[in-house]
Amino acid sequence: QENFIASSLNTAPANTWRICAWHKNQHLMQIGEKSDETGWTVYETCRQKGAFIATGHEHSYSRTHLLSSMTNRTVDSTSSTFTVSPGKSFAFVSGLGGQSIRPQLLSGNWWAKVYTSTQGAKYGVLFGDFYADRADFYFKNIDGQVIDQFTVKKGY
């Protein structure tokens, strides 16, 4: 999988958004009980190529800060407006589509937002409006509350 990801990102048109997406998780990249399923290489390949990472599977919502290492979860910026570029990226888990809502079991300083049954979470979805140079995101629950809001600038 790492070779496919690297090849796809290497051949992507220069100014297009780079997004890695998969269903499985890595234990420390979600806040629930999921075990290591992907390995760190796929996360690091996406980060090194300037792609952000969209996952699901865990029935919660969580988003990291901008990271300069996924493996070590090294925080590069805690701002809600940040630039994704080769070597710096973020990941999110958007898993509150309606199956169940699980509690928060893990924590760490790399998390920008955590929304689980522990925080009284309700079902919801992460929306993203993409433009040429930035993308504006917001997570909205079924009651219409905006739980998380952030802007990603494209640094490539």
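The rules we used
Residues numbered from 1 in each chain as written. Predicted model: local features only at pLDDT ≥ 70, side-chain atom pairs only at ≥ 80, totals over all residues. Heavy atoms only, no water. Disulfide = S-S within 2.5 Å. Helix = DSSP H or I, 4+ residues; strand = E, 2+ residues; numbered from the N terminus. Buried < 20%, exposed > 50% of the residue type's maximum accessible area, 1.4 Å probe, protein only. Contact = heavy atoms within 4.5 Å. Salt bridge = Lys/Arg side-chain N within 4 Å of Asp/Glu carboxyl O. Arc of directions from axis to C-beta. Pairing = 2+ DSSP bridges. Axes fitted to C-alpha atoms, helices over the stretch in contact; angles between N-to-C directions. Polar contact = N/O pair within 3.5 Å; in protein donor to acceptor, adjacent residues only side chain to side chain.

K.L.:
Explain the state of the cysteines to me, using residue names and the numbers behind them.
P.N.:
The bond known as a disulfide is covalent and runs between the sulfur atoms of two cysteines. In this structure the tally under the stated criterion is one disulfide. Between the sulfur atoms of Cys20 and its disulfide mate Cys46 the distance is 2.1 Å. Disulfide Cys20 to Cys46: torsion about the S-S bond roughly -105 degrees, handedness left-handed. With Cys20 in strand β1 (residues 19–22) and Cys46 in helix α2 (residues 40–48), the pair connects residues that are 26 residues apart, well separated along the chain. What makes Cys20 buried here is its relative accessible area of 5%.

K.L.:
How would you summarise α2 if you had to cite specific residues and measurements?
P.N.:
Because an α-helix completes one turn every 3.6 residues, residues spaced three or four positions apart along the sequence face the same direction. Every buried residue of α2 is accounted for by Val42, Tyr43, Glu44, Thr45, Cys46 and Arg47. Residues of α2 that are buried make contact with α1 (2–10), β1, β2 (52–55), β4 (66–69) and β7 (91–94). Following α2 by one or two positions, Gly50 adopts a phi angle in the positive range, close to 80 degrees.

K.L.:
With reference to specific residues and values, describe the pattern of salt bridges.
P.N.:
According to the stated counting rule, one finds seven salt bridges in the structure shown. Note that Lys88 and Asp76 form a salt bridge whose closest N and O atoms lie 3.4 Å from each other. Note that Lys88 is positioned in the loop between β6 (81–84) and β7 and Asp76 in strand β5 (residues 74–77), a separation of twelve residues in sequence. The class for Asp76 is partly exposed, based on a relative accessible area of 35%. Lys122 serves as the salt-bridge partner of Asp143, at 2.6 Å between the closest nitrogen and oxygen. Separated by 21 residues along the polypeptide, Asp143 in the loop between β10 (134–141) and β11 (146–154) and Lys122 in the loop between β8 (111–115) and β9 (124–130) bring together distant segments of the chain. According to the relative accessible area criterion, Asp143 is partly exposed, its value standing at 47%.

K.L.:
Explain α1 to me, using residue names and the numbers behind them.
P.N.:
Listing the buried residues of α1 in full gives Ile5, Ala6 and Leu9. What you see down the axis of α1 is that its buried residues fit within an arc of 95 degrees, all on one side. α1 presents Asn3 and Phe4 as exposed residues on the side facing more than 90 degrees away from its buried surface.

K.L.:
Before we move on, could you go through the side chain of Ser60 and cite the residues and values that matter?
P.N.:
Following the sequence through the fold, Ser60 ends up in the loop between β2 and β3 (61–64). Apart from the residues lying within four places of it in its own chain, the contact partners of Ser60 are Ile31, Val93, Ser94, Gly95, Leu96, Tyr115 and Thr116.

K.L.:
Which residues make up the sheet that holds β3, and what are the values?
P.N.:
Taken in spatial order, the five strands of this open sheet run β1-β2-β7-β3-β8, and their pairing is mixed. A strand with exactly one partner marks an edge of an open sheet, and here the two such strands are β1 and β8. The sheet shows a mean angle of 10 degrees between the axes of neighbouring strands, direction not considered. Note: β1 against β2, four bridges, orientation parallel. Its bridge partner being in β2, Cys20 is matched across the sheet by Ile53. On the sheet, α2 packs against β1, β2 and β7 and is oriented at approximately 160 degrees with respect to β1.

K.L.:
Go over the environment of Gln104, please, and point to the residues and values.
P.N.:
Following the sequence through the fold, Gln104 ends up in the loop between β7 and β8. C-alpha separation for the pair Gln104 and Glu33, spaced 71 residues apart in sequence, amounts to 8.5 Å. Not counting chain neighbours up to four residues away, the residues in contact with Gln104 comprise Ile31, Val114, Thr116, Thr118 and Gln119. Engagement of the side chain of Gln104 in a polar contact is seen with the backbone oxygen of Leu106, the distance being 2.9 Å. Of the polar contacts made by the side chain of Gln104, one reaches the side chain of Gln119; its length is 2.7 Å.

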